[in-house]
Amino acid sequence: MAESMNKQVEYVCSATSFQGLHQYGKIMTGDKAFEFYDDRNVENYIQIPWEEITYIVADVAFGGKWLPRFEVQTKSAGNFRFSAGKDTKPLLRACREHVPADHLVRALTMTQKLSRGIKSRFGK
């Protein structure tokens, strides 16, 4: 049986995890960790303590009006991609209480990625 690391729940929303095949479930933020639980199999879960999270990188579209997905980068476990639909902004605001504000960053746009690739390929 999966047991939550959190003693107090702060925010819960439905979400999609993009680890391998996408999985639908719930994201729960609390006082100790960021957690994802699969709807179909509760034993399929992701628990990330707040101390383990280095950055949360959000894809931003339409000038910040829509955040389609975000990525949680950890110190040792790798990166985890999630989508929370319309609940992404309130979810990231709840995460801001535990992750420093300068560690919540925007992802690079496609033109920024292309320009950096060209600069690294052909020099400055």
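What comes next concerns the included structure. (Residues numbered from 1 in each chain as written. Predicted model: local features only at pLDDT ≥ 70, side-chain atom pairs only at ≥ 80, totals over all residues. Heavy atoms only, no water.)

To continue, consider the side chain of threonine 29. Along the polypeptide, threonine 29 turns up in strand β2 (residues 23-30). With relative accessibility at 0%, the residue threonine 29 sits in the buried group. In this structure, threonine 29 is in contact with Asn6, Val9, Glu10, Tyr11, Phe34, Trp50, Leu91, Ala94 and Cys95, ignoring residues within four places of it in sequence. (Helix = DSSP H or I, 4+ residues; strand = E, 2+ residues; numbered from the N terminus. Buried < 20%, exposed > 50% of the residue type's maximum accessible area, 1.4 Å probe, protein only. Contact = heavy atoms within 4.5 Å.)

Next up on the list: the pattern of salt bridges. Taken as a whole, this structure holds three salt bridges when the rule is applied. A salt bridge links arginine 81 to aspartate 59; the nearest nitrogen and oxygen atoms lie 3.2 Å apart. Placement of the pair is arginine 81 in strand β7 (residues 79-83) and aspartate 59 in the loop between β5 (53-58) and β6 (70-74), with a sequence separation of 22 residues. Taking the relative accessible area as the measure of exposure, aspartate 59 reaches 18% and is therefore buried. Residue arginine 81 pairs with glutamate 71 through a salt bridge whose shortest N-O separation is 3.2 Å. Here glutamate 71 lies in strand β6 and arginine 81 lies in strand β7, a separation of 10 residues in the sequence. Each member of the salt-bridge network shares a partner with another, and the members are Asp59, Arg69, Glu71 and Arg81. (Salt bridge = Lys/Arg side-chain N within 4 Å of Asp/Glu carboxyl O.)

Another aspect to go through is a positive patch on the surface. Among the surface-exposed residues, Lys65, Lys89, Arg93 and Arg96 lie close enough to one another that they form a single positively charged patch. In this structure, arginine 93 sits in helix α1 (residues 88-95). Exposure remark for arginine 93: the relative accessible area of 48% places this residue in the partly exposed category. (Patch = residues over 30% accessible without salt bridge, like charges linked within 9 Å, V, L, I, M, F, W, Y side chains within 5 Å. Areas by Shrake-Rupley, 256 points an atom, 1.4 Å probe, with all protein chains shown as cover. Lys, Arg positive; Asp, Glu negative; His and termini not counted. Charge placed at Lys NZ, Arg CZ, Asp CG, Glu CD.)

Turning our eyes to something else, we now look at the sheet that holds strand β1 (residues 9-17). The sheet built from eight strands is open, its strands ordered β4-β3-β2-β1-β7-β6-β5-β8 with mixed pairing. Each edge of the open sheet is held by one strand with a lone partner, namely β4 (45-49) and β8 (104-106). Taken over all neighbouring pairs, the strand axes of this sheet differ in orientation by 30° on average, direction set aside. As paired strands, β2 and strand β3 (residues 33-38) are joined by five bridges and run antiparallel to one another. (Pairing = 2+ DSSP bridges. Axes fitted to C-alpha atoms, helices over the stretch in contact; angles between N-to-C directions.)

All told, the structure shown has seven aromatic pairs when counted by the stated rule. Ring geometry for phenylalanine 34 versus tryptophan 50: centroids 6.3 Å apart, planes at 75°, classification edge-to-face. Residue phenylalanine 34 is found in strand β3, and its partner tryptophan 50 is found in the loop between β4 and β5; the two are separated by 16 residues along the sequence. Residue phenylalanine 34 is classed as buried on the basis of its relative accessible area, which comes to 1%. (Phe/Tyr/Trp six-rings, centres within 6.5 Å; stacked < 30°, edge-to-face > 60°.)

Right, let's get into the nonpolar core. Ile27, Phe34, Phe70 and Phe82 are the most contacted members of the largest nonpolar core, which totals 21 residues. Secondary-structure elements contributing two or more residues to this core are β1, β3, β4, β5, β6, β7 and α1. (Core = buried A, V, L, I, M, F, W, Y, C linked by side-chain atoms within 4.5 Å.)

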